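Okay, here's what each chain looks like letter by letter:
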Amino acid sequence: MPPAADTTTAPPTGLRPQTERPATSSSPSSDRSKYLGWLFAVAIAAAAFNLRPVVTSLGPLLKEVTADLGMSPTVAGLLAAVPSLCFAVFGFSAPGMARRVGPIAVVTAGMGAITAGVLARSFAGGTAVFLLLTALALAGVAVSNVLIPVVIKRYFPDRVGPMIGLYSMALSAGTALAAAVTVPMTSALGGDWRVGLGVWAALGAVALVLWLIVTALKRERGDKASGTTTDRLPITRSRTAWAMACFFGLQATGAYAVMGFLPTIFQDAGVSEGTSGVLLALTMVIGVPVSFVLPNLAARRGDQRVFVVVLAACGIAGYTGLALAPAGGSWIWVVLVGLSNCAFPLVLTMIGLRARTAGGVAQLSAFAQGVGYLISIPGPILIGRLYDVTGEWYLPLGLLALLLVPQMLFGLRAAMARHIEDEAVRPAAAAKA
């Protein structure tokens, strides 16, 4: 697929699978497609906005939650690893569910799981129940993570860069808002962490309503129901797919360690809870404009290697500063770490560009995110354990800085201008010959 260079502000028209022919511009169906396109874009942004508050609303209140539920630092590290585990387990199943009922229906169900899980966990009376309900919400996040890029590839094939930018920007905005306002909002609502976490279910409900409307209007069916088939690639034969998975996993390790522990790092350095939440939010706010601009810039290039190197360098500098002078240069360090975490919109863009079709994107997205999140599971647990044993952040932060080196190396391979179909299909065909 050629890079999507269109970054104009024209409405997201042409809301159709790649196999359909567009209607004439003056027809009623064209007008309906235009308005449905706008609705679809808003729904995608609303869904993206809800993909991280389940995690980032917890970070600033982690000490209260762990104290109330009796969690040790090691168990808190496990809590930080739960997102990666859920994203891996449920992410692998997303393409299969999409083939049966269609990706729109699965994303809609994901919004329902997020809303129910976030609301219900605020009533949890123990650690196990809290973890299970968090896992329910994260299951919804997982399938949406995998399938929203597929929806974009299928229904906005000529605007992959701008739509991934919109998706990434909304995701970063939701992440930042949850990190910034959870503590002051909790205080304003009486100081109970249960209220501060549960209130985020309201935003999930808004996204759920939008996706229910899209589902009713689009009436999408799965591949089997519609009589179409999607060839399954031997994706494990693709070196680009493996490089993408490793790059995704290493960036997720850093991102979830930051979301889980950054407020605690600052609080241990004498920073107040409210300020530590704002600092965490700043790492996410940085991603809002960058997440919109970066996919457009990346989609215009044949490869994205320069972005991989720059983001890794920012992360190494940021983690080093956090280890040596967390309070003294806090604003600088969080900006650098926030830039480093923009590897996430970059890898989403690369997933959309490294496959030729929506089916290929679905398989690459599931593989890269599923394997990637499996790779990231030990990271937050090890970070929590190192802090539990040493009582300091030097070793955990040093480990995060060190992991950016292989992240950069795998990213350089994943960023090369290639398609997984060329690597996965041709070797398989050659083997049969």
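Residues numbered from 1 in each chain as written. Predicted model: local features only at pLDDT ≥ 70, side-chain atom pairs only at ≥ 80, totals over all residues. Heavy atoms only, no water.

K.L.:
How would you summarise the overall build of the protein if you had to cite specific residues and measurements?
P.N.:
For the protein, the helix and strand inventory stands at 20 helices and zero strands. Across the 433 residues in the protein, those meeting the buried criterion constitute 58%. Partitioning the intrachain contacts of the protein with sequence separation of at least 6 by distance along the chain shows that 84% fall at a separation of at least 24. Accessible area for the protein stands at about 16400 Å²; split by element, carbon and sulfur atoms hold 68% of it. (Helix = DSSP H or I, 4+ residues; strand = E, 2+ residues; numbered from the N terminus. Buried < 20%, exposed > 50% of the residue type's maximum accessible area, 1.4 Å probe, protein only. Contact = heavy atoms within 4.5 Å. Areas by Shrake-Rupley, 256 points an atom, 1.4 Å probe, with all protein chains shown as cover.)

K.L.:
Mind laying out the packing of helix α5 (residues 103-121) against helix α9 (residues 201-218), listing which residues take part and the relevant values?
P.N.:
The contact between α5 and α9 brings their axes to 8 Å, and the two run at 160°. For the element pair α5 / α9, the angle class is roughly antiparallel. Of the two elements, α5 crosses α9, and the hand of that crossing is left-handed. Every residue of α9 that contacts α5 at Ile104, Val107, Thr108, Met111, Gly112, Thr115, Val118 and Leu119 is listed here: Ala201, Gly204, Ala205, Ala207, Leu208, Trp211, Leu212, Val214, Thr215 and Lys218. Its residues placed into classes, the contact of α5 with α9 shows twelve nonpolar, five polar and one charged. (Axes fitted to C-alpha atoms, helices over the stretch in contact; angles between N-to-C directions. Parallel < 35°, antiparallel > 145°, perpendicular 65-115°, else oblique. Left-handed = near helix turned anticlockwise from the far one by under 90°. Nonpolar A, V, L, I, M, F, W, Y, C, P; charged D, E, K, R; others polar.)

K.L.:
Lay out helix α18 (residues 378-390) in plain terms, naming residues and giving numbers.
P.N.:
Its 13 residues give α18 an end-to-end C-alpha distance of 18 Å, which sits within 8% of 18 Å, the value for a rise of 1.5 Å per residue. Among the residues making up α18, those that are buried are Gly379, Pro380, Ile383, Gly384 and Tyr387. Across the axial projection of α18, the buried residues extend over an arc of 130°, all falling on one side. (Expected span 1.5 Å × (residues − 1). Arc of directions from axis to C-beta.)

K.L.:
Tell me what's going on with the side chain of Thr66, and back it up with residues and numbers.
P.N.:
Examined against the element boundaries, Thr66 turns out to sit in helix α3 (residues 62-69). For Thr66, the side chain forms a polar contact with the main-chain oxygen of Leu62, separated by 2.8 Å. (Polar contact = N/O pair within 3.5 Å; in protein donor to acceptor, adjacent residues only side chain to side chain.)

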